[in-house]
Each structure stands twice: as structure tokens, then as C-alpha cells.
Amino acid sequence: MYPSRFRYEAPTSIEEAIALLSSLEDAKVLAGGQSLIPMMKLRFANPANLVDINNIPDLGYHRADSDGSFRIGALCRHADLEKSKILGEHQPLLAAAAPLVADPIVRTRGTFVGSVCHADPQGDWASCMVALGGSIVAQGPSGKRTIPVKDFVSGPFTTVLAHNEIAVEAVIPPAQGTRTGGYLKLERRVGDFATAAAAVSLDMSDGVVKDAGIGLTGVGAQTINASEAAEALIGSRLEDDVVERAAELAAAATSPRGDHRGSADYKRHIISTFVSRIIANVQRAEMQVA
Amino acid sequence: MAIDEVKIGGLGASRRRVEDNRFIRGKGNYVDDVVLPGMLHMEILRSPLAHARIKSIDTSAAYAIPGVRMVMTGEMMAARNLAWMPTLSYDTQAVLATDKVRFQGQEVCAVIADDPYIARDGVEAIVVDYEPLAPIVNPEQALAPDAPLIRDDKVNQTNNVVFDWEVGDREGTDRVFAEADMVSELELHYPRSHPSPIEACGSIADYDRATSKLTVYMTSQAPHIVRAAVSMVAEIPEHMIRIISPDLGGGFGNKVPVYPGYVISILASILLERPVKWIEDKTGNLISTGFGRDVYLKGKLALRKDGKILGVRMDTVSDHGAFFADAQPSKFKIGLIHSAFACYDIPTAYLTNRGVYTNKSPGGVAYRCSFRVTEAMFFQERMVQAAADDLGMDQAEFRRINLVKDDDFPKRTPFGFLTDSGQYEKCLQVGLDAIGYDDFQNQKAEAAKRGRLLGLGISTMTEPLGAGNSREYDILGIKMFDSAELRVHMTGKAILRTGAKSQGQGHETTWAQIVAHELGIPAEDIVVEEGDTDTAPFGMGTYASRSTPVAGAAVSMVSRKIRAKARKIAAHLLEVSDEDIEWELGRFYVRGAPDRGVSIQECAMAAYSNVPDGMEPGLENNAYYDPPNLTWPFACYIATVEIDPLTGVWDVIRVVAVDDCGVRINPMIVEGQIMGGLTEAYAMANMQFITFDEDGNCVGSNYMDYLLPTAWETPGFELHEVVTPCPHHPIGAKGIGECATVGGPAAFVNAVMDALKDIGVRNIDMPLLPDRVYEAIQTGSDVSGHPPVKNR
Ligand SMILES: Cc1cc2nc3c(=O)[nH]c(=O)nc-3n(C[C@H](O)[C@H](O)[C@H](O)COP(=O)(O)OP(=O)(O)OC[C@H]3O[C@@H](n4cnc5c(N)ncnc54)[C@H](O)[C@@H]3O)c2cc1C
């Protein structure tokens, strides 16, 4: 690949990285490089400086904290989540999505947090984070702040991060009851971005939905938070008409563009089909447990 | 004791590929691996627009970048009469645009710089002022009465038609259709697809002023044709040109034509007197070089009630892009598309073809297509299935009724070719048995209970390979024979060179096996070399599955010449007359006294140390092989699929392949060719196409949009074989390079159509993307897929 000329820095602490981002003109964080490097190859992105955060220790974690929240460090790779022994138990939605993000090669390098920072409307993790009500912890020269993902992404490929802020971790709030959910993605081939995909998270207690979230991928100019659809589920026992209504509301929340992957109507139809299917799968699994 | 042929790596040995030794160690030698002292780097500026007039080009900012040596423009090329070059189809193609750009990705300028980074910086700094013109992305637009003229550079061109061509018996066919019990009709589009060699195109031109010799390292499947073409275009004498095609990272027909990049790098080297390297990137390859297909069909079959096909009518329109640059036998405008229906016994046929110019990149015959045979067989097998459905007849039975019978060979095909041999019904039966045809209806009913639709698709076809005999086959007048040269050294080791050029087919392995078969010299004692025009004998190169049928035959023939000479030497050594010498693999012996013999290696030593009086010393020879006919392998591919009607997603359940490619030289390599071909067939049926939006932007300019299936989704393939030797090929081989790519797509598409036929759907254009399948299910009608892409 032949990108434009750029300068490369490899700091070994977050503080050093923030200082570099503050002092250097037109600097970008380099995490897994699986979105940034392809864009530099095509010269769509021509940053003058790269600040590589891969040499900063202790950022590769993902863990469940005692308060029930779940934390994913800035250098946790997609593959770490795919192979995780604890993810399925705590965050079934993420466990369902992990093997569907990109392809095995990309997953060994690409990071969860980097994917959210990239804010690609076709990115899978941002939809999951929206469904889970998760946040990004950003650290800058004046300390840390926590930003809910639904506010973090401000448009296609743009976030509210300041030029000298680093997203250090992603946080998912504790479950209200038992957390279930799922991710369904229509892709033309392994490693393809979604034609359309749906993330559904359900916190259940005694068969009643205590909390719900729905995030949608690839069906609008940015990740879609189908909050009305999710609200329709809260308080219900996932009766057929409720699910049908939620699926319709989810489809209505989209604004897809027809292209070579499919027409806008088709993508909308896939969203409603997937939302119903995820919930049906959850119910089937519940029945097997009971 | 006789030698075991398989042990020495002769015919039938699944010998490991010798070339893999260097490839898997990362020691291959590709064009980009070649580094010459003082070498400069070239990058091409491509047009962002599909159709536009060039108002001005400002290169000053590029020249201002340190390390930029030269910026080449169309004007500079024109000053040397090189702005346009002839194509291999008697048309012309722009090298660097002077007047207009005619497709997105067309070459506009080239920057030569100290390193490839600077060359790209230079390209970005060039400012071109374009006046956009209306783009044309399909034949309908091209043929509209008010369509803008794409080729206004050509003196007598008044519309966007490249040619009109017809073949067959028009009146006879009309008559048959008038009398038929029933006529089955089908309209479809075979979309544009693109070969995807891992290595894109590239060249290093090195002109040496002191010797006046031009050496070009180049990604070419046909280096000798390139030498001739360069000699004509650049006006350099042919003996002063050396084309070296080193290891090629795949070709698939993409590396047959002469591309502007090659020509520009040559001129740059002449002007700068330094080696100039051009390495195309993947996007450049996908948007500007030889593609495959993009042909529209209106097909009709005249049928008798009992299922007999009486006649074929095919009206086709082919989209060639901005220049007619196909590399194919000159006599046939649309390749061998009229090989359609060759495996069926049909008395009458007629085909028309209109070629059109559009604002798309030029080409049409690449991607394992055997000169448009891919389209022929796809059209054929889609028409056959539609006809069987229209008659309400079982698809296997319908084929059985119409397939050519074993005793009928040689058989004249509906369009006049002569097929050589085959056991078509047997292949079909092997396939039906393997897939469990009789049980399929039960499976279908079971699946229906789960809300899923099952379908089974068959594709049976014979295709013409090994172009070809010199009476009919030539490219720009050069006959399509091929050659081999064999030198046996005194220790019995040998070097073989041919005019073919392997791009992954494994010639270094299989050619040695043919020599081993003919001479009994172990395959491992034979080194094979191809691709250097200063050392290899003249040949037309490797494409269209022609190397085993033509160059492979030449390898046999040259080995036999060597054997004939060795026999004389043997007679001399054994002190008997020629007529008393018998041959068994690897050894001559005296008739009636099998113990008295000499090995081929002993004869080789004698050729350099003890030849009979009057005999020329040495043991080497060459052979030019002009095939008497084409070879005709047969294949039966059967696929079963399951469709999710709520999403339109379809999964392949099983694929059975029965190939009869005649005698198999290396069964492992044959199977590799079949599996690779079926993978491509699946890709085209399922996901792969190059399309365009209404502005003429290429959708499919990178591998996120142009999809290659991975190991994850590629189905498993169950391979079976039937062997009917080719009667006229020296070792009975027919060729296998493209059968599965050619015959495979229809099996998948027919399977999906079989699943949907009950709801009234007769055709969905490839690729059968989920949204198209879903739309067909929703509307109960056909779905067309021709460009432009609809944005709705
Ligand atoms: C072939 C291929 C297929 C893919 N398919 C999919 C897919 O199906 N689904 C999907 O969701 N993604 C897909 N991706 C994208 C992949 O998931 C990326 O890994 C991800 O989008 C970005 O993560 P990264 O760590 O690689 O980030 P990088 O590429 O390093 O960075 C991306 C952007 O985020 C910024 N950034 C990264 N980390 C931080 C941080 N900690 N703080 C602040 N800014 C940061 C960078 O500055 C840059 O702007 C694919 C990528 C490829 C190459």
C-alpha cells in the first residue's frame, strides 16, 4: 500500500498518547488499524500523524465487575471476545455478534472500542452497544468522561471525541434481571459488512421484559437506536402481537438506501424479520431452560 | 523389468506440484519481485468519470514534487503516434486519453518517479478539467436513437454498434419454429464479472540504448503474442524485444491482452533510458482490465410434444465496453458462443449477435470463459430447464431424450462444430445416482414442512477446447498452434520448454509427466521452463483451456521424435537393425531377447559420446502441433439448494460433479481445477458481479464490493469421473481448465429456479442475491439484473 506521507508515534502510556494528540497537528489514534489503514491505503484518510496505542499496557481486558457492569478495554480485539469464556454468560448479545464481525483475519487485529470510534453505520458493535445502553469512557488532558454510545456517535464516521481524547474503555450497565438477546446479520459473504442487521437486548425477570434495547446496522446514515420498538417490549411477556408491533416499529425507525445489496424496502423487511426471529430464538431458548 | 509408470510420475500419477515448493516458501519470482538497478516507478492517473471530454490537463504541480521524473500525457503519446494502439480484435484502444475519457478508470496520465509513493503523490497533484458527457451503461441506452456517440474517434462510426454477426441456418430454423408443437422462450442477462488473480497486472520495461534491446518483464499469459504486438506498436524489430513472463499469480484470461500500462512503461523506459516498473493495484485491475460476460439473451427452443428439441434460436447482445479488445480467434466475433447445444442432438439452429460499445472498461472474454463458451453453456442449460418446465417434463428425462448418443460420434453440432467422443447419458446417470435423484421429491416435501423451499438443478454440457486448427483459428492472422522443445542431456536429465505459459495450472508438473509417459524418464528428472521469448519456442500462450490439448500434445510429439532418434542409437548400441528394436517404457530391447536392452538414459549418453556414423550428435528436438480438431470434454453438474423464503437467502445442500475430460494426466491437479471452477461458478451464481450505477461508476471496484467466496461459504464438492479418451489427441486428453466455471453456474441457478417454478418464477438474473430471490418470491415474477443499479 502507498499512503500519503505520515509520521508515526508509539507511546507507552495513555498520558503520553494524550500529550502527543494535543501537540501534533492532524493526529489520529491507531488501534487495530482495520478501518484506518484501508482508508489510508485508498488515501481517503491522510492523517499527518499516527499515534499507535498498541504499546500501552493493560488495555486488552474485558471483564464483569462486581457491580454487574461489563468493561471492555481499548485494546480488546474482536477475537478476544469471540473466544471469551465469560462473554456468553454475561452478554449474550455480544457473544452472538462476535463471530459475525468481519472475518477471522480482521478479528485478530480489530478492536471493539476502535469499531465504536470508527462510527461506521455498518459497524456491528455500535448497534450492540446502543441496544445494551452502553457508554464509552473518554480520557483527555483534563481527565475522564463517560458518554452513552447513542450520544457518542454524532453522524456517519463521526463522534463527539475531541482531537486529544482517547476512548479508553466501553462500559455496559448491569442487567435488570436476566440478560438475553441476539444479533442477526444478513451478509453476502463472510467478512462482508451488513446488508442489514439487528441487535436486540432483553433483560427478563419472571418472563417479563424489564428492560430492552434495539440497535440496527446498515439501514441508515448512522447506527440506529430503535428506542420506540424497544419500549414497546418493556413490561410485556413477549406476546405475539407485541413482538410483531416491535418488529414493525424497528423497521419504521430505519432509513435505508437502496443499492446493489438490496432495495430500501427489502432492508426494512429484513429488519422486521430479524427482530422477530431474535425474539423467537430467545423464547425458544427460555422454553428449553424451563 | 518394466518401469511402473505411476512411480516415475507418468500419466495418472497424482504427483505433488513441483512449483509449490517455491510458492509455499515465499520464493516465487513474480514481476513485482524483480528489481533492476536504477529502476523507476510508474503510477497511472485514471478517469473518475465514465464519459467526459478532457478540456485541459495541468501537470505542473506534479512536476514540482521532488523525485517526479516525468509525467506522461495523451498528447506526449500522440506525438510519438502511441496515443492509440490496435487491439487483438481489429479495433483501437486509447493508451492515454487525448480527446475523451470513455470509461471510469481509463488511463489519463502516468507519473514516473523515484519510488511508488512519490509516483502516487504525483498522480494526486495532476489537475484535469473534464466536461462531463452522458454515460451509457447498457446496450439499451447505447442503441437508443439519440444516444451519444462513444467512438467519435473512429472515422466511419455513426452509432454505438461494434458489429453484427450471425451463424447457423436462419430459414431452416424459422421453418422448424413454425411447425413446432410448442416454443419455449427465455430472456436473461449474464452479468459482467471479473477474474481475480491474486497478482494484478504489471510490467518492468528496460530499454538498453547501448544494445538497442528492449527487455520487458510482464504479467502475460501469452508472451509471444505480446512480443509481436509490441514490435508492431512500438516499431521495434521483433528480435530486439524480449518478453519475460516470470511466475504469474493467476491469470484467468485477465492477462492475455496488451494493456496501456505495459505500453506506457515501455515508452517511459525508452525516453528515460532507465528501467520503469508499473504495478497495477487491485482497483486498477478491477476497473480497467479484461472482464468476462455481460451478454444478453433472447432464447427460443422449438419443441415437439414428446420432448424432442427441433430447433434453437438465440439472439444475443454483448456489451464490450468502450473498445473492442477481446482476445479471441479473429474469425469469430463473439468467440465460440455458437458451441451452444453441442451436447444435444438438434437439427437446426440460428444465432445472432450484436456487439455494442458502452462507457465501461473493455474486454469480455476473460475469466475462464473458453472464448464465450461460458455464456453459451449457461444460456443453453437455462433454456433447457425452462423448456423442460414448460413441457411439464422431468428435467433429467428431457435431457436424456435430447443428448447425443455414444454411437453418434463424431457428431455435427447444431451450429456446425464436430464433437469428438463422449458418454453423455452415462455421466448424467452417475450424477443422478450420486445426488439421490429419486429421493429428492421426498426431501422437498419434508423441507416444505419447515417452511423451506428445496430445488435441484442440473447442468450438462460439452465444451470446445484446444483452439485450434490452423484452418479456422487465428488471432490477427497468427495461427493458433503451439509448440514444445525438448533437450535431453547426456545423463538422461532433460529440459522442456513450451510456448504455453502456466499461471497456476501446474505445467511444470504435468508437462514433465507427459514426457515421463512418452520416454520413461522420471518426471523429477525433467525441468520445465516457459515464458521467456528469447528461450521458449513460439506459442500462443495459455488460456481457453488450450494448453493440454495443444501444447500438451506438442510435448507428446516432441518426446516421440526424441524416442525415434533414441531408437536408432539403441539399435547401434545393441548392434541390431532398427526393425529389431522393441520399446517398453524407458527402455529399448532386442525383439525376442528382452534381456538385451538399453535404457533411454544410456541412449542419451550415447547421443553425446557414441553416435552411429552419419548421425548428428545430441538428443534434442522441437514440435509444432496443429490440432486436427477441438477437444470436447463433457460434464454433468448437479446442485441442491434450500431457500429461506422470508429473506431470500439460499444455501447449497450438495454439489455433485461428474467430469469426463478424457485421460487425466495428474488426477490431483484435475480435481483442483474442477473445485476451483465450481467455486467460481458458485460465486457467479450467488454473489459476484461488476455492475454500474447510472453515472457509470463501477460498483465492484474493490474486494469489499466485488465478492470472492471464502472457505466459509463455499460448499463442499463431490467429484466423480468418467473417462472417454479424445480420439485425436496423442494421449487422449481433452482439457479441464474451465469446464466447471463454464458448466457450473447453471446448476446453481437451475436449482433455485427449480425451487421457485411452482410460484411462476422462470428467471432471476445472476447473481441470485437474496433481495432478488425475495422479490421473485413476493411478486411471483422474474427479476432482471442488468445495470444500472437501482437506488430505491
Ligand atoms: C475486510 C474487513 C471487513 C470488515 N468487516 C466488518 C464487519 O463486518 N463489521 C464491522 O463492524 N466491522 C468490520 N470491519 C471493521 C473492523 O471491525 C475494524 O476493526 C473496526 O471498525 C475498527 O477497529 P480498529 O481497532 O481496527 O480501529 P482503527 O482502524 O485503528 O481505527 C478506526 C478509527 O477509530 C479511531 N480509534 C480507534 N481506537 C480509538 C480509541 N481507542 N480512541 C479514539 N479513537 C480511536 C481511529 O483513530 C480511527 O479513526 C471490517 C474491516 C475489514 C478490513
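No experiment lies behind these values; they were computed from the predicted model shown.

Colleague: I tried to follow the packing of helix α17 (residues 667-686) of chain B against helix α18 (residues 739-756) of chain B on my own but got confused; where do I start?
Modeller: Helix-helix packing is characterised by the crossing angle of the two axes and by the distance between the axes. Residues and elements named next belong to chain B. Contact geometry for α17 and α18: axes closest at 7 Å, N-to-C directions at 45°. Judged by the inter-axis angle, α17 sits oblique to α18. The interaxial crossing formed by α17 with α18 has right-handed handedness. Contacts between α17 and α18 involve I674, G677, L678, E680, A681, Y682, M684 and A685 from the first element and A740, T741, G744, P745, F748 and V749 from the second.

Colleague: What should I look at first to understand the packing of aromatic side chains in this one?
Modeller: The relation between two aromatic rings is expressed through the spacing of the ring centres and the mutual angle of the planes. Scanning all chains against the criterion turns up 22 aromatic pairs over all chains. These aromatic residues form a ring-pair network of at least three members: B:W84, B:F103 and B:F323. Sitting over the ring of A:Y61, A:R63 keeps its end group 4.7 Å from the ring centre. Across the ring face of B:F177, the terminal group of B:K300 is positioned such that the distance to the ring centre comes to 5.9 Å.

Colleague: Can you help me understand the domain arrangement of chain A in this one?
Modeller: Accessible area lost when the parts come together is the quantity often used to give the size of an interface. All names here are of chain A. For chain A, the assigned domains read domain 1 (7-52), domain 2 (62-172) and domain 3 (178-289). Taking the mean C-alpha position of each, domain 2 and domain 3 sit 19 Å from one another. Of the residues lining the interface, 28 residues belong to domain 2; the matching set on domain 3 comes to 27 residues. Between domain 2 and domain 3, the buried area comes to about 2000 Å², and carbon and sulfur atoms account for 59% of it. For the domain 2 face of the interface with domain 3, the top three residues by lost area are L100, P121 and Q122, together amounting to 27%. At the surface where domain 2 touches domain 3, the tally comes to 9 residue pairs in polar contact (both at pLDDT 80 or more). Among the elements of the structure, α5 (92-97), α8 (124-132) and β8 (153-155) are those that each provide at least two residues to the side of domain 2 that touches domain 3. Take the side of domain 2 that touches domain 3: its biggest share by element is 7 residues, from α8. Tallied by class, the residues present in the side of domain 2 that touches domain 3 amount to 17 nonpolar, 7 polar and 4 charged.

Colleague: Just checking my understanding: could you explain the interface of chain B and chain A for this structure?
Modeller: On the chain A side, the residues contacting the 31 residues of chain B number 28 residues. Here chain B meets chain A over a buried area of about 2500 Å², counting both sides, of which 57% is carbon and sulfur. Taken together, the connections running from chain B to chain A amount to 3 salt bridges. A salt bridge links B:D644 to A:R277; its shortest N-O distance comes to 2.8 Å. For the interface between chain B and chain A, the tally reads 10 residue pairs in polar contact (both at pLDDT 80 or more).

The rules behind the values
- Residues numbered from 1 in each chain as written.
- Chains lettered and ligands numbered in written order.
- Predicted model: local features only at pLDDT ≥ 70, side-chain atom pairs only at ≥ 80, totals over all residues.
- Heavy atoms only, no water.
- Axes fitted to C-alpha atoms, helices over the stretch in contact; angles between N-to-C directions.
- Helix = DSSP H or I, 4+ residues; strand = E, 2+ residues; numbered from the N terminus.
- Parallel < 35°, antiparallel > 145°, perpendicular 65-115°, else oblique.
- Left-handed = near helix turned anticlockwise from the far one by under 90°.
- Contact = heavy atoms within 4.5 Å.
- Phe/Tyr/Trp six-rings, centres within 6.5 Å; stacked < 30°, edge-to-face > 60°.
- Lys NZ or Arg CZ within 6 Å of the ring centre and 35° of its normal.
- Domains from an automatic or database assignment.
- Buried area = accessible area lost by both parts, 1.4 Å probe.
- Polar contact = N/O pair within 3.5 Å; in protein donor to acceptor, adjacent residues only side chain to side chain.
- Nonpolar A, V, L, I, M, F, W, Y, C, P; charged D, E, K, R; others polar.
- Salt bridge = Lys/Arg side-chain N within 4 Å of Asp/Glu carboxyl O.

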